[in-house]
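If you want the building blocks of each chain, they are given just below.
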Amino acid sequence: MRHIAIIGSGPAGYYTAEAAQKQFGEDVRVDIFDKLPVPYGLIRTGVAPDHQSIKGVARRYEKTALTDNVRFVGNVAVGKDVSVAELQELYDAVVLATGAPCDRDLGIPGENLDNVFGSAAFVGWYNGHPQFADLDPDLSGGTAVVIGMGNVALDVARLLAKKDCEFDGSDIVSHALEALCASKIERVILLGRRGPHQIMMTPKELGELGQLENAAPHVDKADLPDPEEDAFLEPGLRKSVAVLREFAATPEHIRAEKRIALEFAFMVRPKALIGEGKVTGIEVERTELVKGRAVGTGEFRRFPADLVVSCIGYRTLPIPGVPFDERAGRFANDEGRILPGLYCVGWARRGPSGTIGTNKPDGFGVVDKIVEDIAGGTLGRGGKQGREGFDALAAEKGLEVVTFRDWKKIEEAEAKAAREGAPREKFVDIEAMIRAAG
Ligand code: NAP
């Protein structure tokens, strides 16, 4: 029997568990740990609440979770309640699937002003992550600046621009729905330090900005490169640029019918956030591309900004005793191997890139490494205590473990509390989750 501990119950964690089951069959026991009492990581707290079809993948993870050889161990923070070294004593392999939950800093003056948030915090707020449920952003100003030209920037801009009825069927938490419905924002500026040919936005998600009831995207034709140059782009990016061209071609009188303007500002990099106490503006420097990189030109301008959300990527949270690559912001690893018996997978391995589905080959890949290491003798001969050993340790430490069955009770309570047409009303604090678990 082989015992595997997976830390993190998001997509990377569950795909790894599925791969381990396929590989070892009945000869494996997998424990999936999460510091929250609820599973699914980014599916629950990262994927936009109005993208319910993407969240449907959780049904696949549930299938894995309900098998006898896989167990959910919720409400246990590895690195705090239990150390990686303790788990390594008990399990043949420990796989860190902890994602990249921390915001990257902009590294510019004014970053600590009020109403300036990283996307992990802001997305966590509208998705009901217990750590960010109290963020309470002030949406009473007229202008929001969203920094970055990736899909997270699109999620944030879209949610800031939606009308109440456009949240029907979503699982946005009530505190965020109320705040967004009362929002006074009429201008959302998306800032990109490079040009339209360097955006990270995917075409379908970008196209959604053109379908909003209350808001219209504004792209200046003059910012778009010569259309002939699009031919050299990779097909997905070419489609996204075609969407930008459609936005640019929309007549002004049609855009003017919408209350909220979603403005694309290309080739500007943030230099400073301005304000006393609370942010009121952002200073940017015009850039030019040098070998694909944004280089400052020394030409500056300012935009008003009553709210700033920086969507520039994420970092993995280091765990004491686990080698960390500071520059890359993830665990130091060689194709998923960190140390003998210690692995990482998903964003914790490769950084915050790709779709949910990218984690599937990642999960299968790390299990291949475990198989190679068993064959090579690096993982010893087995005989570790696995879950029985962990249960004894948890009892000794007095940990309040939340099981998958407990989670199903939380899930049921959330479904019962849902607004009409919504799939759930999430609990946003850990105590309430644990109470619902009984
Ligand atoms: P991303 O795709 O890497 O985009 C980050 C953006 O931030 C880029 O435009 C980048 O510009 C910019 N940026 C980075 N550092 C900056 C700085 N210091 N100043 C100004 N701009 C800066 O990251 P993401 O949007 O966080 O998304 C993470 C992953 O999740 C992506 O793979 C994304 O596709 C995925 N995701 C998918 C969906 C979906 O499919 N619906 C939704 C959300 C997220 P440069 O290119 O110049 O570096």
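Asks: When you look at helix α8 (residues 174–181) in this model, what are you seeing that I'm missing?
Replies: Of all the positions in α8, only A176, L177 and L180 are classed as buried. The arc that holds the buried residues of α8, viewed along the axis, is 100°, so those residues lie on one side. Among the structural elements, α6 (119–126) and α7 (151–161) are those in contact with the buried residues of α8.

Asks: Sorry if this is basic, but what is going on with the nonpolar core here?
Replies: Grouped burial of nonpolar side chains is what soluble globular proteins tend to show. Core analysis: the biggest nonpolar cluster contains 49 residues, and L160 and F264 have the highest contact counts within it. Those elements giving two or more residues to this core turn out to be α6, β7 (143–147), α7, α8, β8 (187–191), α10 (235–249), β10 (260–265) and β14 (307–310). If you tally residues by element for this core, the top one is α7, at seven residues. If near-sequence neighbours (up to four positions away) are discounted, L160 is found in contact with F122, L139, A144, V146, L180, I185, V188, I260 and L307. I32, A65, A93 and I370 belong to the second largest nonpolar core, which has 40 residues in total.

Asks: Help me understand the packing of aromatic side chains in this model?
Replies: Describing an aromatic ring pair means giving the distance of the ring centres and the angle of the ring planes. Overall, the coordinates contain 15 aromatic pairs when judged by the stated rule. On the basis of an interplanar angle of 85° and a centroid distance of 4.9 Å, the ring pair of F33 and F390 is categorised as edge-to-face. Of this pair, F33 sits in strand β2 (residues 28–33) while F390 sits in helix α14 (residues 386–397); the two residues are 357 residues apart in sequence, bridging distant segments of the chain. Residue F33 shares its accessibility class with F390, and that shared class is buried. By way of ring pairs, the aromatic residues Y14, Y15, Y40, Y61 and W407 are connected into one cluster.

Asks: Even after reading the chapter, I still don't get the domain arrangement of the protein chain, so can you show me in this structure?
Replies: When the parts of a complex come together, some accessible area is lost, and that lost area is often used as the size of the interface. Here the domain parsing of the protein chain yields domain 1 (2–101 + 316–437) and domain 2 (102–314). For domain 1 and domain 2, the distance between their C-alpha centres works out to 31 Å. Facing 29 residues of domain 1, the contacting portion of domain 2 comprises 26 residues. Summed over both partners, the interface of domain 1 with domain 2 buries about 2,200 Å², with 54% contributed by carbon and sulfur atoms. Joining domain 1 to domain 2, the criterion identifies five salt bridges.

Asks: Sorry, what's going on with the site of the ligand here?
Replies: What surrounds the ligand is a group of 21 residues, the closest being M149, N151, R193, R194 and G354. One of the side-chain nitrogen or oxygen atoms of N151 is found 3.0 Å away from an oxygen atom of the ligand. Here an oxygen atom of the ligand and a backbone polar atom of G354 are 2.8 Å apart. Among the elements that take part in the shell around the ligand, α7 stands out by supplying three residues, more than any other. When the residues that make up the shell around the ligand are grouped by side-chain class, the tally is 10 nonpolar, six polar and five charged.

Asks: Quick question: what am I supposed to make of the pattern of salt bridges here?
Replies: Using the criterion set out here, one finds 34 salt bridges in the structure. For R158, the salt bridge is made with D50, and the minimal N-O distance between the two is 2.8 Å. Of the two residues, R158 is situated in helix α7 and D50 in the loop between α2 (42–45) and α3 (52–55); the sequence distance between them amounts to 108 residues. A salt bridge links R302 to E283; its shortest N-O distance comes to 3.5 Å. Of this pair, R302 sits in strand β13 (residues 293–304) while E283 sits in strand β12 (residues 278–290); the two residues are 19 residues apart in sequence, bridging distant segments of the chain. Taken together, the shared-partner salt bridges connect D50, D155, R158, K162 and E208 into one network.

The rules behind each value
Residues numbered from 1 in each chain as written. Predicted model: local features only at pLDDT ≥ 70, side-chain atom pairs only at ≥ 80, totals over all residues. Heavy atoms only, no water. Buried < 20%, exposed > 50% of the residue type's maximum accessible area, 1.4 Å probe, protein only. Helix = DSSP H or I, 4+ residues; strand = E, 2+ residues; numbered from the N terminus. Arc of directions from axis to C-beta. Contact = heavy atoms within 4.5 Å. Core = buried A, V, L, I, M, F, W, Y, C linked by side-chain atoms within 4.5 Å. Phe/Tyr/Trp six-rings, centres within 6.5 Å; stacked < 30°, edge-to-face > 60°. Domains from an automatic or database assignment. Buried area = accessible area lost by both parts, 1.4 Å probe. Salt bridge = Lys/Arg side-chain N within 4 Å of Asp/Glu carboxyl O. Near = heavy atom within 4 Å. Polar contact = N/O pair within 3.5 Å; in protein donor to acceptor, adjacent residues only side chain to side chain. Nonpolar A, V, L, I, M, F, W, Y, C, P; charged D, E, K, R; others polar.

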